[in-house]
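# Structural overview
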Amino acid sequence: MLKFNHPEYPEKRLNESIFEILNNNKLLSLATVTQKGNAYINTAFYAFDEKLRLYIITDPKYNHSMNLTKNSSIAATIFDSHFKFWKDKLQGIQLFGKGYRTPILQLHNGNSCFLKRFPVFRELVKNPKDFMKKAVTVKLYTLEIDYLKLFDETRFG
């Protein structure tokens, strides 16, 4: 369970909300910073673990991947875009932290998270060490969250 020092809401309710939103969605919008200091955004499928580490799979040659090698700062959003304006109670998360190519010691965990969430992923990567081989062009990246903003009108108004 993630720890919070929120004066109004218990940790259990906050955790339930966060992990419900993560489970109910599959895509995130990821903002990175270019070498010139400009914002850059992309969309990616994600998996996650109980420590709120998010994992994405992408090609190291893509702009957002290259941005992370120069500046690890990230912001991301996860939400259901099907909600109806002014009718549905909104739920979403804004995440802030750093992103980096997943180190060898975390590959097994990230790979397991992806397999659990996207079983078809097994066709691409048979073994976490495949990420280290040239035969697999995509790589696993970790988004480590420093803080988040949660909106869940269903639970918290």
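This text goes with the structure placed above it.
First things first, this report covers the structure right here in the doc. (Residues numbered from 1 in each chain as written. Predicted model: local features only at pLDDT ≥ 70, side-chain atom pairs only at ≥ 80, totals over all residues. Heavy atoms only, no water.)

## Section: the packing of aromatic side chains
Enumeration over the complete set of coordinates arrives at six aromatic pairs. With 4.5 Å between their ring centres and 55° between their planes, Tyr9 and Phe156 make a pair best called tilted. In this pair, Tyr9 sits in the segment before helix H1 (11-24) while Phe156 sits in helix H4 (residues 153-156), placing the two residues 147 residues apart along the sequence. Assessed through its relative accessible area of 16%, Phe156 is described here as buried. Relative to Phe48, the ring of Tyr46 has its centre 6.3 Å away and its plane inclined at 40°; by these criteria the two rings are tilted. In this structure, Tyr46 and Phe48 share a single accessibility class: buried. Taking the ring centre of Tyr46 as reference, the NZ or CZ of Arg117 above it sits at 4.6 Å. (Phe/Tyr/Trp six-rings, centres within 6.5 Å; stacked < 30°, edge-to-face > 60°. Helix = DSSP H or I, 4+ residues; strand = E, 2+ residues; numbered from the N terminus. Buried < 20%, exposed > 50% of the residue type's maximum accessible area, 1.4 Å probe, protein only. Lys NZ or Arg CZ within 6 Å of the ring centre and 35° of its normal.)

## Some points on the sheet that holds strand E1 (residues 27-33)
Reading across the sheet, the seven strands line up as E2-E1-E5-E6-E7-E4-E3 and stay open at both edges, with antiparallel pairing between neighbours. Here the strands that pair on one side only, and so sit at the sheet edges, are strand E2 (39-45) and strand E3 (47-48). In this sheet, strand E4 (residues 53-58) lies alongside E3 in antiparallel orientation, the contact comprising two bridges. Along E4, the bridge assignment pairs Phe48 with Leu54. Packed on one face of the sheet, H1 meets E3, strand E5 (73-79), strand E6 (91-101) and strand E7 (139-152) and runs near 130° to E7. (Pairing = 2+ DSSP bridges. Contact = heavy atoms within 4.5 Å. Axes fitted to C-alpha atoms, helices over the stretch in contact; angles between N-to-C directions.)

## Topic: helix H2 (residues 63-70)
Those residues of H2 lying buried are His64, Ser65, Asn67 and Leu68. Each buried residue of H2 sits inside an arc of 160° when the element is viewed along its axis, so together they form one side. What points out from H2, more than 90 degrees from its buried face, is the exposed set Thr69 and Lys70. On its buried face, H2 is in contact with E1, E2, E4, E5, E6 and E7. (Arc of directions from axis to C-beta.)

## So, the pairing of E5
In the case of a regular strand, side chains alternate between the two sheet surfaces. Burial of E5 is one-sided: the residues Ile74, Ala76 and Ile78 facing one way are buried, the residues Ser73, Ala75, Thr77 and Phe79 facing the other way are not. In this structure, E1 lies alongside E5, joined through three bridges in antiparallel fashion. Looking across to E5, one finds that Ala31 is bridged to Ala75. In the sheet, E5 pairs with E6 via seven bridges, with the strands oriented antiparallel. Directly across from Thr77, in E6, lies its bridge partner Gln94.

## Focus: unusual backbone geometry
Of note in this structure, Leu52 is not a glycine but carries a positive phi near 65°. Its relative accessible area of 6% is what places Leu52 among the buried residues.

These figures capture arrangement, not role.
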